[in-house]
Amino acid sequence: MSDRPDLAGKRIVLGLSGGIACYKSAELVRLLTKAGASVQVVMTEAAMQFITPVTMQALSNQRVVTSQWDAAEPNNMAHINLSRDADAIVVAPASADLIAQLAQGRAGDLLSLLCLARPIERCPLLLAPAMNREMWAHPATQRNLATVRSDGALVLGVGSGDQACGEVGDGRMLEPVELLEDIVAFFQPKALAGQRVLITAGPTFEPIDPVRGITNLSSGKMGFALARAAREAGAQVTLVAGPVHLPTPRGVSRIDVRTAQQMFDVTLPAAQRHEVFIATAAVADWRPASLSEHKIKKDGKKLAPTFELTENPDILASVAALPQPPYCVGFAAESENLAAHARAKLERKRLPLVVGNLGPATFGRDDNALLLVDAHGEQSLPADGSAADKLTLARALVAEIARRISNRTA
Ligand code: CTP
């Protein structure tokens, strides 16, 4: 399985209209090219008031185009040439004025002209608006956004927060990393379109007293990668996360919990509203039977305290036992005998699919190797049994799950 850059081979026309957010577009070019895309920058007159073509040319390694009257184009038709072999046009920042021009089908400068002249069925248009909050909230802007959306444009964002003008509110352009995540997601196959996917991730923390507890080394990375991959595949994703330090993938709704019982209380009712449930969480099997209200102190007699433990509810087994369960995928983190232990879990919890991995080898790392175990047999991901990064594996696993649920409903 190759760890190809996410945008390898993609040709992106990046349009900049006028706005202070142009400074973020320099970073966006770097991220897009690092992700493997070739980027052709187009700038309006207004954009050049905020950032120079020299900066954008140096970062994109391509001549920046700024005018439809550019004699360097042999046929003098930059507006046609630019979109014919592009995989997408991304306008970031898209100003209120640019969006108004697009809504009306105007073609007063090269950027609006090339958006209008693009082959609409094979060159998608992605817009990252950036403007003052009053401009964003204005009925004219909202009307124009509705029009460009219904004409097929995808509107990315917007963000909320401090604005260059000193005001606070909606209208900020998304950060470059957020735009990259959305652009990468846009190009992924939509194998789970219309499906709702519920995922548990990370460790749980079982308190002993107000400052101590039992937990484990799960980082949550595999579950978070799966949440991102499922959202990229078009699913509506709910992520129930134990205590981890990971950013929420774009477009995923996240519920934070601490203990196994809290994870159970959130997950079980939610499971009925989802078509797929993936249990990646390393749920503590036991918790202290009683929680000490105050910090347990050394008593001076050098006697270590002892704890009685009680078993936590099994979230996955309970979801799988629902009268109409979602398609349930379990994870098995083992230290040896992966296939046998994974199969035992498949049968014990009555699951259609268990994904095995060697726990100590993967906890906290960015790569992993998976073994898919179902009633028919076993399959390695990657197929050659080597390791791959967790997002690549997550996308492959999401594709496998999509194939299995579509076979089931076919
Ligand atoms: N799981 C769960 N709730 C629990 C325990 C586990 O949902 N209370 C889920 C995990 O998210 C994972 C799978 O069940 O998908 C792991 O199964 P389990 O039998 O608990 O694994 P281990 O704890 O590793 O079991 P064993 O100690 O028998 O190896």
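Think of each chain on its own: its residues are numbered from 1, step by step along the sequence as written. Note on the predicted model: pLDDT of at least 70 is required for a residue's local features to be given, and 80 or more for side-chain atom pairs to be given and counted; whole-chain, interface and lining totals, by contrast, use all residues. The side-chain quantities take in all heavy atoms of the structure and omit both hydrogens and water.

Peer 1: Can you tell me about the sheet that holds strand 8 (residues 196-201), naming the residues and giving the values?
Peer 2: In short, DSSP must find at least two bridges between two strands for them to pair. By definition, any uninterrupted DSSP run of H or I lasting at least four residues is a helix, any uninterrupted run of E lasting at least two residues is a strand, and each is numbered from the N terminus. Taken in spatial order, the eight strands of this open sheet run 12-11-8-13-16-17-19-20, and their pairing is mixed. Strands at the two margins of the open sheet, each flanked by one partner only, are strand 12 (253-256) and strand 20 (377-381). Shown here is a sheet whose adjacent strand axes are inclined to one another by a mean of 20 degrees, direction ignored. Sheet topology places strand 11 (residues 236-241) next to strand 12; four bridges connect them, and they run parallel. Bridge pairing in strand 12 links Thr238 to Ser253. Any two residues having at least one pair of non-hydrogen atoms within 4.5 Å are treated as being in contact. Throughout, an axis means a line fitted to C-alpha atoms (over the contacting stretch in the case of helices), and angles, computed between N-to-C directions, take values from 0 to 180 degrees. Strand contacts of helix 9 (residues 221-232): strand 8, strand 11, strand 12, strand 13 (276-279), strand 16 (327-334) and strand 19 (370-374), with the helix running at about 170 degrees to strand 11, the strand carrying the most contacts.

Peer 1: Could you give an account of the site of the ligand, with specific residues and numbers?
Peer 2: Neighbouring the ligand are 13 residues, the closest being Ala279, Ala281, Pro313, Leu316 and Phe331. Think of a polar contact as two N or O atoms within 3.5 Å of one another; within protein, one of them needs to be a possible hydrogen donor and the other a possible acceptor, and neighboring residues in sequence only count if both atoms come from side chains. Within the backbone of Ala279, a nitrogen or oxygen atom sits 2.6 Å from an oxygen atom of the ligand. A distance of 2.9 Å is found between an oxygen atom of the ligand and a side-chain nitrogen or oxygen belonging to Lys349. Only the protein chains shown count as cover for residues, and the accessible areas themselves come from Shrake-Rupley with a 1.4 Å probe. Protein burial of the ligand: of its 580 Å² of free accessible surface, 76% is covered by the chains. Mapped by element, the contributors of at least two residues to the shell around the ligand are helix 11 (315-320), strand 16 and helix 12 (338-348). Broken down by class, the residue content of the shell around the ligand amounts to seven nonpolar, one polar and five charged. A cutoff of 4 Å decides nearness: a residue is near a molecule or strand if any of its heavy atoms lies inside that distance of it. In this classification, Asp, Glu, Lys and Arg are treated as charged, Ala, Val, Leu, Ile, Met, Phe, Trp, Tyr, Cys and Pro as nonpolar, and every other residue, Gly included, as polar.

Peer 1: Before we move on, can you summarise helix 1 (residues 22-34) with the specific residues and values?
Peer 2: Every helix has an expected span of 1.5 Å times one less than the residues it contains. Its 13 residues place the ends of helix 1 19 Å apart at the C-alpha level, agreeing with the 18 Å of an ideal helix rising 1.5 Å per residue. Exposure is judged per residue with a 1.4 Å probe applied to protein chains only, and the accessible area is read against the type maximum: over 50% gives exposed, under 20% gives buried, and values in between give partly exposed. Within the sequence span of helix 1, burial applies to Cys22, Lys24, Ser25, Ala26, Leu28, Val29, Leu31 and Leu32. Residues of helix 1 that are buried sit in contact with strand 1 (11-16), strand 2 (38-43), helix 2 (53-60), strand 3 (88-94), strand 7 (168-172) and helix 8 (176-187). A positive phi of about 105 degrees marks Gly36, the residue just after helix 1.

Peer 1: Outline the nonpolar core, listing residues and values.
Peer 2: Residues belong to one nonpolar core when they are buried, are Ala, Val, Leu, Ile, Met, Phe, Trp, Tyr or Cys, and are joined through side-chain atoms within 4.5 Å. Counting residues in each nonpolar core, the largest one holds 37 residues, and the members touching the most others are Leu192, Leu226, Ile278, Leu370 and Leu397. Here the element with the most residues in this core is helix 14 (residues 390-409); it accounts for eight residues. Sequence-distant contacts of Leu370, that is, excluding residues within four places in its chain, are made with Met222, Phe331, Val355, Gly356, Asn357, Gln379, Ser380, Leu381, Leu393 and Leu397. Counting 33 residues, the second-largest nonpolar core is a separate cluster that includes Leu16, Met56, Ala92 and Leu180.

Peer 1: Residue-level account of the sheet that holds strand 2, with values.
Peer 2: Strand order in this open sheet of five strands is 2-1-3-4-5, and the pairing throughout is parallel. Two strands lie at the open edges of the sheet, namely strand 2 and strand 5 (154-155), each paired on one side alone. Strand direction decides the pairing type here: strand 1 and strand 2, joined by six bridges, are parallel. Note on strand 2: the bridge partner recorded for Ile12 is Val39. Against the sheet, helix 4 (residues 96-104) engages strand 3 and strand 4 (125-129), with an angle of about 135 degrees to strand 3.

Peer 1: I'd love a proper account of the environment of Val266, names of residues and values included.
Peer 2: As for its placement among the helices and strands, Val266 is situated in helix 10 (residues 260-271). The exposure class assigned to Val266 is partly exposed, which follows from its relative accessible area of 26%. Between the alpha carbons of Val266 and Asp256 there is a distance of 9.5 Å; along the sequence they are 10 residues apart. Discounting residues that sit within four places of it in the chain, Val266 has contacts with Val240, Ile255 and Val257.

Peer 1: Outline the domain arrangement of the protein, supporting the account with residue identities and numerical values.
Peer 2: By convention here, the domain bounds are inherited from an automatic or database domain assignment. Assigned domains within the protein: domain 1 (11-187) and domain 2 (196-409). In this structure, domain 1 and domain 2 have C-alpha centres spaced 40 Å apart. Taken together, the six residues of domain 1 in the interface contact six residues of domain 2. When residues of domain 1 are sorted by the area they lose upon contact with domain 2, Glu181, Asp182 and Ala185 head the list and together hold 71% of the total. When a carboxyl oxygen of Asp or Glu lies within 4 Å of a side-chain nitrogen of Lys or Arg, that pair is called a salt bridge. If you look at where domain 1 meets domain 2, you find three salt bridges. Computed with a 1.4 Å rolling probe, the buried area is the accessible surface lost when two parts are put together, summed over both parts.

Peer 1: Could you give an account of the pattern of salt bridges, naming the residues involved and the relevant values?
Peer 2: As enumerated under the stated definition, the model contains 23 salt bridges in all. Here Asp314 makes a salt bridge to Lys349, at a shortest N to O gap of 2.7 Å. Note that Asp314 is positioned in the loop between strand 15 (309-311) and helix 11 and Lys349 in the loop between helix 12 and strand 17 (353-358), a separation of 35 residues in sequence. What makes Asp314 partly exposed here is its relative accessible area of 32%. Each of Asp6, Arg228, Glu232 and Arg395 takes part in one network of salt bridges that share partners.

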